[in-house]
Each structure stands twice: as structure tokens, then as C-alpha cells.
Amino acid sequence: MTSGEEFAEFAEAASPQLRRTAFLLCGNWHTAEDLVQTTLAKVFVSWRKIRRRDAVRAYAARTLVNTYLADKRSKRSAEIPTDRFPERPVEPHAPETRMVVLGVLATLPPRARTVVVLRYWEDLSVEQVAAVLGCSPGNVKSLAAGALGKLRAVLGEALTGYDPAGRRPEEQPEVRDTRHG
Amino acid sequence: MDETSVRALLETAIGDEPPIGPVARSSLRAGIRLRRRARIRRAAGGAAVVIVFAVVIPAAIGTLANTPASRHHATRPPGPWVPPNGTAYVMNSGGGTVTPIDLATSTAGKPIIVSGEPVAMTIAPDRKTAYVASSATNSGPEPTSAQAVQPIDLTTNTAGKPIDLQSPADAIVVSPDGKTAYIINGFPSRTLTRVDLATNTPGKPITLSGAPETITMAADGTAYVTIQTATAYDFMPIDLATGKLGKPLKLSGQPGAIAISPDGSTAYAASQSSSTVITVTPINLTASTAGKPINLGGKPEPTNYYGEPLAIAITPDGKTAYLANGASSTVTPINLATNTPGKPINLGGKPGADAIAISPDGTTAYVANQPSSTVTPIDLAAGTPEKPIKIGHGWDSGFEAIVIAP
């Protein structure tokens, strides 16, 4: 088996989960698939150097995030943050929650959104997220707190009794992207 | 709102997934194009983005540690450090080269070009031949592709004809009688290949019952492999005739390097137990039991998360192990009588202490650092670094192994 075939086997196995992560970052399945393809191409370039299997998945996740953030930086001027939900709900059982969560994610600046996805979806520690983003752990914590506060506030309004203790939006700390803000 | 409920919310947000396209195949094609472009940039002398992710091959290091102790003395005469005689060979994986260093004069010679991307290197017991095992294509100025074992004649510093393995290699050891090389082909081939070194012909690969990552050999020829399981890493003996694996011993964390004591009684497995803690676990090879891990504490370096390389070498008298930490530029001595770590030796330069070897006379350790393009000698009696030896180019991959010939 050549390294190309070996890589293809990894890519085949890893792409569904990577595409889910990409979807949470960009909120659109087409863009998510493009992001995954670009990410995996970069992983192939460094394939030999990351052949330790346990490290490949983490390397791919980091590459995905960097690709997403670089993409956002280059397109920033052409894109306006939206409050609209990126897709219509397709799930019968939890349509409201899905819409609300996607809606909140869409309003987050790219780095805050990345923090939420890495911290709670990819299960990275605060220090690991800080290493990926090249910022301080304190910065990660404040971005995460801000994003969660927003989620809690909106969900508290949309879903009766979901989180009755949740603070109202005006009480939430402002979510700021320190690199661009 | 706790972490579990946030995760549940994100899962809800994903909802129904549309079918996925041929992502694996298209990304492979795109990746090949990217590689080609990067090579053209390098060849044209343009600035290329350099990503270093070196993996130290414990097999190469392990072999070094197995030199018979009787030939060496660990202490040197009093007075200033004098470099030992002999030649060190540094393997540059991405560049597809092996660079000789004359130790007495501390100067690097002309790189020996090898086929493909060398991933592991070991030295025959007579120390006249080194063997590199390769995988895929290197990214040197004139890239070549090979999945082979290639002998290097250390008396003339010339590479011999590659012995084709038809699958990428991960680790290599040579039997104490120098007659056979054993190559581990890890994921996904999961095989052990024997190569008859008298005729340089490979045998039929033996499929193993797990995906091996490394192979380490004791001085008496007993070999051990590590296997990655779903939840951990197992360390176990391997029958080199049949490929049958012995009783597994679960290791804590992710083993980055393994060395066996010169008397063959103990293996030392260096692991990252978490993203911030490095430990060395002594393994009693007779009883097949793991001792209490030696905590190297280490400064929490969040960058360790992506599996920085570790390398470990043991002095010929078996008294001290030296652990090189690829995430930094430090080497930590460990007293093997008491299993206690000493003060880390800071080598300076960029982080990337990726490979380590100890001279047969036991006086000096040599640490290869690709990001700095250097090999730094350490005077072991004083525990101090000497002037780094500059190694020409670095290209885009690590110095993954270093061996020393007399």
C-alpha cells in the first residue's frame, strides 16, 4: 500500500466527523465539505511527518480550524454577520433548538465560534484551544463564557424552562474577537 | 449549562447530514498538487512554509543503548571535555539524506543521499553498516520514492542498492549476529518483514494480530513491539520467527520512545501521559511488570498536544538515561539506580531536541535539532552542552534518528 492509499484510507474514515466540525464552524454543508477537502489536502502534504496515528486526527482538526479562520480573514470584507439562520430546520423533533443554536453560532465572531466548537465539540482543554488559536488561556475562557452566555440567554427565551437561571442578554459580557476587535 | 449539555446542543444543531461526496479522493489529488507546488518553490529557492513534525524512531535509539557495557567506561579523565572519536550519522527524513559528522573535529560531511523518505535508521552490531528504512517520497531537491531498506557502507559513506519492501516501513532493528534485519510495517499493513542481510533479500511479510508502531531489541536479540489499541498502548515481546505477540502490558499515555538497559533487564518507555506531563515508565522485562512512572514534571507546554517527539538513550554502563524533549530544547538526565530525574540541561536554540545518541565511550551525548539545523554535544560528566555543530540544510522534516559509529 502506498502512502497515498494509506492517506485515502484515513481521509475516508475521518471526513464525516471533520465535516461535522466544519459545519459547526461555518453553518453550511457545502462550505463544510470544501473546508474538509482543503484541510485533508494540507494533511496529505505533511502526511509522513504526522504518521503517528493518534496525532493525525488532532493535526487535521487544527488544520481545519486554521483553514476556516484564514478563509474568514480573507473574506471578511465581503461577508456580513447575519442573524438569519443559515439553513431551514430539517429535524422534526428539535427544530427550534437547532434553529436557535445555529442562529447563535452565526452571530459569533469566527474566533469565538472556534472556541465553542473546539472546547465543547472537539473536547479540547482550555490550554489546547489556546495553543491552537495562539492566544492566552484567559482569552479562551472569556470567549467561551461570552458565547455560552449568549446561548444561554437566547435559549432561555426560546425554550421555556430550559435554563430558568440563565441571565438576560443585556447582562451578558460582550463577545469580542481580540485579534480583530 | 454544563459541558455535556453544550455538546448535546451542538449535536442537535448538526441535525440530518446530507450524503458526503468523494472527499477522500479529491483531497488526495489536491494534496499531490500542493506537494508538487511546494517542491517547485523549494527548488526555485523561494520561501516555503516549513512545518516540522518529527517522530523519533525508538528502534534506532534502542539499538544504540544495547552496546555491550564491557567495552565502555562512563567516566572520563578530569580536565576539559574532549570530543570522542568516531562518526555520528544524522538522518534527515524530509531531505532524504544521512549526514556524517566527524566527532573529533565536530564537522559535518557531505550528506549521503538515500532513496525515498527515510523514517528509521539502525546500525549493525559490527558498526560498519547502517540501515535506513524508508516510506514513500521525500521532499528533497530531487525527490525519490521508495518503500525499502537501504544499507549505508560506513567505511566509505556510500548508500547501497535499496531492498524493496513494497509497503512503507515504520521501524527497523538488526539481530545481534548481524545476519537479519526486522522491519515493522505499521498501520495499515501491520506486518513484520525479515531481510536476509547476507543476500539482501526480503522474506514474505508476516501479518501481526495488531497494528505495531515500534520495535526495540535487547542485546540478546529479544524484541518488543508497541501496539496501539482502541484505548491505550500495549507493550509486548514478539517472536521474530513467527510474528506471534506475547503477553501485553498496558502503558500509560502515548509512548514516544523506548530504550532497553544494556543488561536487557529493563525497558524504559517515555510517554506523554497528558498534554503537559512527561513520564518514563520502567518495565521489568523478566516479570513483565511496569514500575512506578518517573514523573519528569516538565513545564506544561500546551503545544505538546500534537504529540511532540521524545527520544531516550541510556549510557553504556546502564546508570543514567537521557530524555530529549522535542517540544523544547532540553535533555533531562534520569538516575536509573534511584529512578529520579535530574535538572534539565538547556541546549539553547529553537525547540526541537528530536533525537539523541550516546557515544560508545559514554562521555558524550549528541542531540539532533532540525529546526536549528544543529547537533549539540553534551559533556555528560559535567552535564553541560558544548558548541552546536551546524548541519547544512534542514528541508522540511525532522532529524528523526542519530547513530554513532566508531
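Residues numbered from 1 in each chain as written. Chains lettered and ligands numbered in written order. Predicted model: local features only at pLDDT ≥ 70, side-chain atom pairs only at ≥ 80, totals over all residues. Heavy atoms only, no water.

Another aspect to go through is the overall build of chain B. A count of helical and extended segments in chain B gives 3 helices and 34 strands. Counting every atom, chain B has about 15,900 Å² of accessible surface; 56% of that belongs to carbon and sulfur. (Helix = DSSP H or I, 4+ residues; strand = E, 2+ residues; numbered from the N terminus. Areas by Shrake-Rupley, 256 points an atom, 1.4 Å probe, with all protein chains shown as cover.)

Before going further, it helps to examine the overall build of chain A. If you tally the helices and strands in chain A, you get 7 helices and 0 strands. The order of α-helices and β-strands along chain A, N terminus first, is α-α-α-α-α-α-α. A burial count over chain A gives 54% of its 181 residues as buried. A sequence separation of at least 24 residues applies to 63% of the contacts in chain A between residues at least 6 apart. Counting every atom, chain A has about 7,900 Å² of accessible surface; 52% of that belongs to carbon and sulfur. (Buried < 20%, exposed > 50% of the residue type's maximum accessible area, 1.4 Å probe, protein only. Contact = heavy atoms within 4.5 Å.)

This brings us to the pairing of strand β34 (residues 399–405) of chain B. Residues and elements named next belong to chain B. In terms of burial, β34 is a largely internal element, 7 of the 7 residues being buried. Relative to β34, strand β1 (residues 87–92) is paired through 6 bridges, and the arrangement is antiparallel. Among the inter-strand pairings, Tyr 89 is bridged to a residue of β34, identified as Val 403. (Pairing = 2+ DSSP bridges.)

Over its 17 residues, helix α2 (residues 29–45) of chain A extends 25 Å from the first C-alpha to the last, a length consistent with the 24 Å expected when each residue adds 1.5 Å. Trp 29, Ala 32, Glu 33, Leu 35, Val 36, Thr 39, Leu 40, Ala 41, Val 43 and Phe 44 of chain A are the residues of α2 of chain A that are buried. (Expected span 1.5 Å × (residues − 1).)

With 12 residues, helix α1 (residues 3–14) of chain B ought to run about 16 Å at 1.5 Å a step, and its terminal C-alpha atoms sit 17 Å apart, in line with that. One or two residues past the end of α1 of chain B sits Gly 15 of chain B, with phi positive at roughly 60°.

Moving on, we get to the nonpolar core. A general tendency of soluble globular proteins is for nonpolar side chains to be buried together. In this structure, Phe 7, Phe 10, Leu 24, Leu 40 and Val 43 of chain A together with Leu 10 of chain B are the most contacted members of the largest nonpolar core, which totals 62 residues. The element that contributes the greatest number of residues to this core is helix α1 (residues 3–26) of chain A, accounting for 11 residues. Setting aside residues no more than four positions away along its own chain, Phe 7 of chain A makes contact with Leu 40, Val 43, Phe 44 and Trp 47 of chain A together with Ala 24, Ser 27 and Leu 28 of chain B. Counting 16 residues, the second-largest nonpolar core is a separate cluster that includes Ala 171, Leu 208, Val 225 and Leu 240 of chain B. (Core = buried A, V, L, I, M, F, W, Y, C linked by side-chain atoms within 4.5 Å.)

With that settled, the discussion passes to the packing of aromatic side chains. The final tally for this structure, using the stated rule, is 3 aromatic pairs over all chains. With 5.4 Å between their ring centres and 5° between their planes, Tyr 224 of chain B and Phe 235 of chain B make a pair best called stacked. Taken together, the residues Tyr 224 of chain B in strand β16 (residues 223–228) and Phe 235 of chain B in strand β17 (residues 233–238) connect sequence positions 11 residues apart. Against the face of Tyr 120 of chain A rests Arg 119 of chain A, its NZ or CZ located 5.6 Å from the ring centre. Here the basic side chain of Arg 7 of chain B rests over the ring of Trp 121 of chain A, its NZ or CZ set 4.6 Å away from the ring centre. (Phe/Tyr/Trp six-rings, centres within 6.5 Å; stacked < 30°, edge-to-face > 60°. Lys NZ or Arg CZ within 6 Å of the ring centre and 35° of its normal.)

So, on to the confidence of the model for chain A. All names here are of chain A. Summing up the model confidence of chain A, the mean pLDDT is 75 and the portion of residues at 70 or higher is 69%. Across chain A, element-level confidence peaks in helix α5 (residues 110–121) with a mean pLDDT of 93 and bottoms out in helix α3 (residues 53–75) with 79. With pLDDT under 50 throughout, residues 77–93 is counted as low confidence; its partners more than four residues away or in other chains account for 24 contacts. (pLDDT = per-residue confidence, 0-100.)

Our next topic: the pattern of salt bridges. For the structure on display, the rule yields 6 salt bridges over all chains. Note that Arg 20 of chain A is salt-bridged to Glu 17 of chain B, the shortest N-O span being 2.6 Å. Residue Arg 20 of chain A is located in helix α1, and its partner Glu 17 of chain B is located in the loop between α1 and α2 (23–43); the two belong to separate chains. Here the residues in one salt-bridge network are Arg 19, Arg 20 and Glu 33 of chain A together with Glu 17 of chain B, joined through shared partners. (Salt bridge = Lys/Arg side-chain N within 4 Å of Asp/Glu carboxyl O.)

All names here are of chain B. Turning to its location among the elements, Thr 320 is positioned in strand β25 (residues 320–325). Counting along the chain gives 14 residues from Thr 320 to Ile 334, while the straight-line C-alpha distance between them is 5.6 Å. When sequence neighbours within four positions are dropped, the list of residues in contact with Thr 320 reads Ala 313, Ile 314, Thr 315, Pro 333, Ile 334 and Leu 336.

This next bit is on the packing of α5 of chain A against α1 of chain B. Contact geometry of α5 of chain A with α1 of chain B gives a least axis separation of 9 Å together with a crossing angle of 115°. Comparing their axes, α1 of chain B and α5 of chain A come out roughly perpendicular. Where α5 of chain A crosses over α1 of chain B, the handedness of that crossing is left-handed. For the pair α5 of chain A and α1 of chain B, contact is made by Val 116, Arg 119, Tyr 120 and Trp 121 of chain A and by Glu 3, Val 6, Arg 7, Leu 10, Glu 11 and Ile 14 of chain B, respectively. (Axes fitted to C-alpha atoms, helices over the stretch in contact; angles between N-to-C directions. Parallel < 35°, antiparallel > 145°, perpendicular 65-115°, else oblique. Left-handed = near helix turned anticlockwise from the far one by under 90°.)

Residue and element names in this part refer to chain B. In the predicted model, chain B carries a mean pLDDT of 81, and the fraction of residues at 70 or more is 79%. Low pLDDT, under 50, characterises residues 38–73; the predicted model gives this stretch 93 contacts beyond four residues in sequence or across chains. Here residues 299–307 scores under 50 on pLDDT; set against residues more than four positions off or in separate chains, the count is 26 contacts. For this predicted complex, the interface score ipTM comes out at 0.76, while the overall pTM is 0.62.

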